[in-house]
Amino acid sequence: MRIIGGQSRGRMIHLPAGCHIRPTADRIKESLFNIFRSVHMAYFLDLYAGCGNVGLEALSRGAAGAVFIEREPRLANAIRENLRLLAYEKQGEVITATVDQGLKRLTKRGARFDIVFADPPYDANALPRLLGFLETGELLAESGVIVLQHSAREDPQSVPMQHLMISDQRRYGETTLSFLRKMIEEKGL
């Protein structure tokens, strides 16, 4: 696994032996960052971070900062090591916790993100709980976007949402990227 764009292009991402994760494929990562065009100076949240593949890519492409939430201590330590090796220690923070715990911590301290990327385990029914938390919009900057990487068999549109809407979806074989934004509330005169 490697960084595919930006200042660290071509650098390898360390993954501890024996860890069983499904990292975001290079072609999906490339498509994701082509859709954004620029993440320069954005604040990026990487949920279910694994080895930090996507958040590290965002830092390489100019993100101002990235927070990684990963519950597995070995993977969280690998992200810290990758941040050190790529010289992004000052721009990255790793929270070793479940996504629920990490999101509560970030909400409590008033954190806001331009991009929230979530790659929960496929077919684990994680989307309703995750979207229920993100639905409050407390962590999302006003013009921010949530990107869900999920199985094509899962449909985030089946989750009731009052404050978020799916603005785009892209399918890559078994994987779908769904882009969600805050709904614009119409204000009366």
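Undergrad: Can you lay out the nonpolar core for me, pointing to particular residues and giving the numbers?
TA: Nonpolar side chains in soluble globular proteins generally cluster together in the buried interior. In this structure, Leu-32, Phe-36, Phe-68 and Leu-83 are the most contacted members of the largest nonpolar core, which totals 31 residues. Elements that contribute at least two residues to this core include exactly helix H1 (26-36), helix H2 (53-60), strand S2 (65-70), helix H3 (73-85), strand S4 (113-118), strand S5 (140-151) and strand S7 (175-182). Each residue touching Phe-68, except ones within four places of it in the same chain, is listed here: Asp-46, Ala-49, Gly-52, Gly-55, Leu-56, Leu-59, Ile-79, Leu-83, Gly-92, Glu-93, Val-94 and Ile-95. Among the nonpolar cores identified, the runner-up in size contains 25 residues, and Ile-69, Ala-111, Leu-139 and Leu-140 belong to it.

Undergrad: I'd like a rundown of the side chain of Ser-8, residues and numbers included.
TA: Within the fold, Ser-8 resides in the segment before H1. Since its relative accessible area comes to 4%, Ser-8 is described here as buried.

Undergrad: Give a description of the pattern of salt bridges that names residues and reports values.
TA: By the definition in use, this model includes eleven salt bridges. Put simply, Glu-57 and Lys-29 hold a salt bridge, and the shortest N to O gap is 3.3 Å. Here the residue Glu-57 occupies a position in helix H2, and Lys-29 occupies one in helix H1, the gap between them amounting to 28 residues. A relative accessible area of 0% places Lys-29 in the buried class. Arg-61 is paired through a salt bridge with Glu-30; the nearest N and O atoms lie 3.4 Å apart. Remark: Glu-30 occurs in helix H1 and Arg-61 occurs in the loop between H2 and S2; sequence separation between them is 31 residues. Assessed through its relative accessible area of 22%, Arg-61 is described here as partly exposed. Where salt bridges share partners, they join Arg-2, Asp-26, Lys-29, Glu-30, Glu-57 and Arg-61 into one cluster.

Undergrad: Describe the environment of Ala-25, and please don't skip the residues or the numbers.
TA: Within the secondary structure layout, Ala-25 lies in the segment before H1. Sequence separation between Ala-25 and Thr-175 is 150 residues, and the spatial gap between their C-alpha atoms is 9.8 Å.

Undergrad: Talk me through the layout of surface pockets; I want residue IDs and the actual numbers.
TA: Approximately 600 Å³ is the volume found for the largest pocket. If you trace the largest pocket, you find 30 residues lining it, with Tyr-48, Glu-70, Asp-119, Pro-120 and Pro-121 closest to the centre. Elements with a minimum of two residues in the lining of the largest pocket: strand S1 (43-47), H2, S2, helix H4 (99-108) and helix H5 (127-134). For the lining of the largest pocket, the class distribution of residues is 16 nonpolar, six polar and eight charged.

Undergrad: Talk me through the environment of Arg-27; I want residue IDs and the actual numbers.
TA: If you trace the backbone, Arg-27 turns up in helix H1. Arg-27 gets classed as exposed once you look at its relative accessible area, which sits at 52%. Remark: the alpha-carbon pair of Arg-27 and Ile-4, spanning 23 residues in sequence, is separated by 9.5 Å. Dropping the residues within four chain positions of it, Arg-27 is found in contact with Tyr-172 and Gly-173.

Undergrad: Tell me about the packing of H1 against H2, and please be specific about residues and values.
TA: The N-to-C vectors of H1 and H2 enclose an angle of 45°; their axes lie 11 Å apart at closest approach. Between H1 and H2, the crossing angle belongs to the class labelled oblique. Handedness of the crossing formed by H1 with H2: right-handed. On the side of H1, the interface is formed by Lys-29, Leu-32 and Phe-33, while H2 contributes Asn-53, Val-54, Glu-57 and Ala-58. Taken together, the residues that form the contact of H1 with H2 break down as four nonpolar, one polar and two charged.

Undergrad: Can you tell me about the packing of H4 against H5, naming the residues and giving the values?
TA: With their axes 11 Å apart at the nearest point, H4 and H5 run at an angle of 5° to one another. In terms of their interaxial angle, H4 and H5 are classed as roughly parallel. Side by side, H4 and H5 meet where Val-99, Asp-100, Leu-103, Lys-104 and Thr-107 of the first sit next to Arg-129, Leu-130, Phe-133 and Leu-134 of the second. A class-by-class count of the residues in the contact of H4 with H5 yields five nonpolar, one polar and three charged.

The rules behind each value
Residues numbered from 1 in each chain as written. Predicted model: local features only at pLDDT ≥ 70, side-chain atom pairs only at ≥ 80, totals over all residues. Heavy atoms only, no water. Core = buried A, V, L, I, M, F, W, Y, C linked by side-chain atoms within 4.5 Å. Buried < 20%, exposed > 50% of the residue type's maximum accessible area, 1.4 Å probe, protein only. Helix = DSSP H or I, 4+ residues; strand = E, 2+ residues; numbered from the N terminus. Contact = heavy atoms within 4.5 Å. Salt bridge = Lys/Arg side-chain N within 4 Å of Asp/Glu carboxyl O. 1 Å grid on protein atoms, 1.4 Å probe; cavity = no way out; pocket = protein on both sides within 12 Å on 5 of 7 lines; lining within 4 Å. Points joined across faces, edges and corners; volume = space filled by probe spheres on them. Nonpolar A, V, L, I, M, F, W, Y, C, P; charged D, E, K, R; others polar. Axes fitted to C-alpha atoms, helices over the stretch in contact; angles between N-to-C directions. Parallel < 35°, antiparallel > 145°, perpendicular 65-115°, else oblique. Left-handed = near helix turned anticlockwise from the far one by under 90°.

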